[in-house]
Amino acid sequence: AVRGAAMETVPGPARARFIVVGGGVAGVTCTEQLAGQFPADEILLITASPLIKAVLNFRQVSKTLEEFEVEERPSHILEEHYPNVKVVQSAVRALDAAKHKLHTEEGKEYIYENLCICTGARPKLIVKNNPFVLGIRDTDSAKEFQSRLAKAKRITVIGNGGIALELVYEVEGCEVIWAIKDKAIGNNFFDAGAAEFLIPQLKADKPRAIPPCKRTKYTTEGLEQEKKSLSEDGEHGSALGPDWHEGMKLKGTKQISHRVHVEYQCEIDKIYLQDDFVSTQKTSLAFPENGSEERKRNADEESWPVYVQLTNGKVYGSDLIVSATGVTPNIEPFITNNPLDVAEDGGLKVDEQMHTSIPDIFAAGDVCTVSWEPRALWQQMRLWTQARQMGYYAAKCIAAEMLGESIELDFCFESFAHVTKFFNYKVVLLAKYNGQGLGTDHELLLRCTRGQEYVKTVMQNGRMKGAVLIGETDLEETFENLILNQMDLSAYGENLLDPNIDIEDYFD
Ligand code: FAD
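It should be emphasised that the depicted structure is a prediction, and the values quoted were computed from it without experimental measurement.

Colleague: Account for the pairing of strand 22 (residues 417-422), with residues named and values stated.
Modeller: The element strand 22 is extensively covered by neighbouring structure, given that five of its six residues are classed as buried. Sheet topology note: the strand 22/strand 23 (residues 425-431) ladder contains six bridges and is antiparallel. Paired with Val 419 across the bridge in strand 23 is Val 428. A loop of two residues connects strand 22 with strand 23, the two strands running antiparallel in sequence, and Phe 423 in this loop sits at a positive phi of about 50°.

Below, the structure is given as structure tokens:
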């Protein structure tokens, strides 16, 4: 030791009773809830993204249906609202569960008593490190997509989930080749009948005048500094909410509205860059003209930066490929060296109290996979509604454990409910809306008025197990009640959907 030299004090790790990781809907909801329940404790929210997600205008539409808006905000707004919340903008690099310690990218350490992991999920990319393949997940990737689309004449969209559905409908001024592995579009959300109902919307011109978004939109523009630290891996942003494309011009270079061609039951076989494609001497197909027969399809005369060969043998060129084939939970920093149970879909397994397999560690939102026996009419889907519900319920579970109380599974996990918009129609999905897990002994009742509404109920032993409602049907509350109370409806048979019978009078 050198006598007289100044003693350096190395700051020890920061400590908090509660640490939440992830500033998406799940993490922010959990933080707010904990902050309210434990006003004397500091709640630390560690998040990689410069903006956090706030839930606004929450409305319980019916017993299980809820609606709200999501706004991206600078984190100081959360701190101002909850003086006992501190937001640290940094990515968690590692967890040492035995020591209750988190390490961040900045080299800082944090010791928690209770940890809630809400790090969301990221898009599965069909191929990595291909500059022409893009996944859409957060504000930055959506913006990048927008600017690349502005120069594009044709894009290829791979995937059949909610993001792909929205994307193909929203994109204008650009040809879209849409490759899906199923027999019908939107397989996760509805059946072939509903898909048939929606398909004409892809051919019709989109209604103009999108109402202006009244909410303040915060952007990351003033936050270039923060963004720089993220741009290297691009994997840490929050997942976007349902109105991610609102106010965002998704327009290509062509003077056309919709031009979507769907290739069914196929996946990507190969992707070629222009030079590689030329050397294969294969032929790519021109965009199919409306009504052109399959066998009369022409070879494409244009050359494109990237080509996809589909498993059905067809080859298409385009400016860009959007990979929208589902998500992978962001679990890596936590599972390394810690015995956390991971589900088959890559999520952290949680029990009925949102515990992971390690004491004092909870998880919520897209990052987790429910491993309790779900109630008969509920299933997990990685949606923002469930992210909010789980964040809220996880905070309740943490609080109950702190106070030595037990807590019952929240009512929101009794029956699945989701309301959204696809192709400009209101879409309500209730319980086992696609007959999920019901085996073969269920039947469907249908009512459809082209261009107006599509109503489907899933029936088993005379009971309603699920429903899909597209359009302004006004049936959601009645059907929700019938699903929740499992009333025997056999006596009504097909009359249940007879538009001349006001079923609400019977059942409300
Ligand atoms: P996220 O919102 O992904 O938040 C995760 C947070 O964790 C982020 O803040 C991130 O920065 C942070 N993070 C990640 N890793 C780390 C780390 N190592 N250290 C620190 N922080 C970290 N759902 C619907 O219900 N309806 C829709 O219409 C809909 N449309 C969508 C459209 C798009 C384009 C996308 C991408 C998703 C859509 N979703 C939709 C899904 C919905 O956005 C997600 O289910 C929901 O946002 C999940 O919330 P979350 O809080 O679990 O995760």
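Structure shown, so let's carry the discussion forward.
Colleague: Help me get a handle on the packing of aromatic side chains, residues and values and all.
Modeller: Tallied over the entire structure, the rule returns 14 aromatic pairs. Each ring, one from Trp 372 and one from Phe 413, has its centre 5.4 Å from the other, and the planes form 80°; the classification is edge-to-face. Pair noted here: Trp 372 is in the loop between strand 21 (368-370) and helix 9 (384-402) and Phe 413 is in the loop between helix 9 and strand 22, with a separation of 41 residues, a long-range link. Note on accessibility: Trp 372 and Phe 413 belong to one class, buried. The side chain of Arg 388 reaches across the aromatic face of Tyr 392, ending 6.0 Å from its centre.

Colleague: I'd love a proper account of the side chain of Glu 453, names of residues and values included.
Modeller: Along the polypeptide, Glu 453 turns up in strand 25 (residues 453-460). At 2.8 Å, the side chain of Glu 453 and the side chain of Arg 447 are in polar contact. In this structure Glu 453 touches Phe 197, Arg 447, Cys 448, Ile 470 and Thr 473, once residues within four positions along its chain are discounted.

Colleague: Account for the nonpolar core, naming residues and giving values.
Modeller: Most often, soluble globular proteins have nonpolar side chains that are buried together. Residues Leu 102, Phe 145, Ile 155, Trp 178 and Met 354 are the most contacted members of the largest nonpolar core, which totals 108 residues. Among the elements that make up this core, the one with the highest residue count is helix 9 (nine residues). Setting aside chain neighbours within four positions, we find Ile 155 in contact with Phe 145, Leu 149, Val 171, Cys 174, Glu 175, Val 176, Ile 177, Ser 318, Leu 320 and Val 322. Val 455, Met 459, Ile 483 and Leu 489 belong to the second-largest nonpolar core, a separate cluster that totals 21 residues.

Colleague: Report on the environment of Gln 89, specifying residues and quantitative values.
Modeller: As for its position among the elements, Gln 89 is in strand 5 (residues 85-89). Separated by 3.2 Å, the side chain of Gln 89 and the backbone oxygen of Ala 48 make a polar contact.

Colleague: Talk me through the environment of Gly 27; I want residue IDs and the actual numbers.
Modeller: Looking at the secondary structure, you find Gly 27 in helix 1 (residues 25-37). With a relative accessible area of 0%, Gly 27 lands in the buried category. For the pair Gly 27 and Ala 387, spaced 360 residues apart in sequence, the C-alpha separation works out to 8.4 Å. In contact with Gly 27, other than residues within four places in its own chain, are Val 20, Gly 22, Leu 45 and Cys 118.

Colleague: For the sheet that holds strand 26 (residues 463-470), give the residues involved together with the corresponding values.
Modeller: The five strands are arranged 22-23-26-25-24 in an open sheet whose pairing can be described as antiparallel. Only two strands of the sheet have a single neighbouring strand rather than two, namely strand 22 and strand 24 (443-449). Each neighbouring strand pair of the sheet contributes to a mean axis angle of 15°, computed without reference to strand direction. One ladder, built from seven bridges, connects strand 24 with strand 25; its direction is antiparallel. When the sheet's bridge partners are listed, Thr 449 is paired in strand 25 with Glu 453. In the packing of helix 5 (residues 192-203) onto the sheet, the strands contacted are strand 22, strand 23, strand 24, strand 25 and strand 26, and the crossing angle to strand 25 comes to about 170°.

Colleague: I'd like to hear about the sheet that holds strand 13 (residues 260-263), residue by residue, with values.
Modeller: The strand order across the open sheet built from five strands is 10-17-11-12-13, with neighbouring strands paired in parallel fashion. Only two strands of the sheet have a single partner each, and these edge strands are strand 10 (133-135) and strand 13. Strand after strand, the sheet turns through a mean of 25° between neighbouring axes, direction not considered. Where helix 4 (residues 162-170) meets the sheet, it contacts strand 11 (154-158), strand 12 (175-179), strand 13 and strand 17 (320-323), and its direction lies at approximately 160° from that of strand 12.

Colleague: Talk me through helix 10 (residues 476-485); I want residue IDs and the actual numbers.
Modeller: Taking burial as the measure, the ten residues of helix 10 include seven buried ones, the bulk of the element. Listing the buried residues of helix 10 in full gives Glu 476, Thr 478, Phe 479, Glu 480, Asn 481, Leu 482 and Ile 483. After helix 10 finishes, the residue Gln 486 shows a positive phi value of roughly 50°.

Colleague: Before we move on, could you go through the pattern of salt bridges and cite the residues and values that matter?
Modeller: Evaluation of the coordinates by the stated rule reveals 21 salt bridges. Here Glu 352 makes a salt bridge to Arg 375, at a shortest N to O gap of 4.0 Å. Of this pair, Glu 352 sits in the loop between strand 19 (348-350) and strand 20 (361-363) while Arg 375 sits in the loop between strand 21 and helix 9, and the two are 23 residues apart along the sequence. The salt bridge partner of Glu 476 is Lys 426, with a shortest N-O separation of 2.7 Å. Here Glu 476 is found in helix 10, whereas its partner Lys 426 is found in strand 23, with 50 residues between them in sequence. In this structure Glu 476 comes out as buried when scored by relative accessible area, which is 10%. Linked through salt bridges whose partners overlap, the residues forming this network are Arg 154, Glu 175, Arg 259 and Asp 300.

Thresholds applied
Every residue gets a number counted from 1 within its own chain, in the order that chain's sequence is written. A pLDDT threshold of at least 70 governs which residues receive local features in this predicted model, and a stricter bar of 80 or more applies before side-chain atom pairs are shown or counted, although totals over entire chains, interfaces and linings include all residues. Hydrogens are left out, water is left out, and the side-chain values use all remaining heavy atoms of the structure. Each residue's exposure class comes from its accessible area (1.4 Å probe, protein chains only) as a fraction of the maximum for that residue type: buried when under 20%, exposed when over 50%, partly exposed otherwise. Secondary structure elements are defined from DSSP: runs of H or I of at least 4 residues count as helices, runs of E of at least 2 residues count as strands, and each element is numbered from the N terminus. Here the rule is simple: two strands pair whenever DSSP picks up at least two bridges between them. We call Phe, Tyr and Trp rings a pair once their centres come within 6.5 Å, taking the six-membered ring for Trp, and we label the pair stacked below 30 degrees between planes, edge-to-face above 60, and tilted otherwise. Look at NZ for Lys and CZ for Arg. If either is within 6 Å of the ring centre and within 35 degrees of the ring normal, a charge sits over the ring. Whenever two N or O atoms come within 3.5 Å, that pair is a polar contact, provided that in protein one can donate a hydrogen and the other can accept it, and provided that, for residues adjacent in sequence, both atoms are side-chain atoms. Note on contacts: a residue pair is in contact if any heavy atoms of the two residues lie within 4.5 Å. The definition of a nonpolar core used throughout is a set of buried Ala, Val, Leu, Ile, Met, Phe, Trp, Tyr and Cys residues joined through side-chain atoms within 4.5 Å. Axis definition: a line fitted to C-alpha atoms, limited for helices to the stretch in contact. Angles are taken between N-to-C directions and run from 0 to 180 degrees. Each salt bridge in this description consists of a side-chain nitrogen of Lys or Arg and a carboxyl oxygen of Asp or Glu lying within 4 Å of one another.

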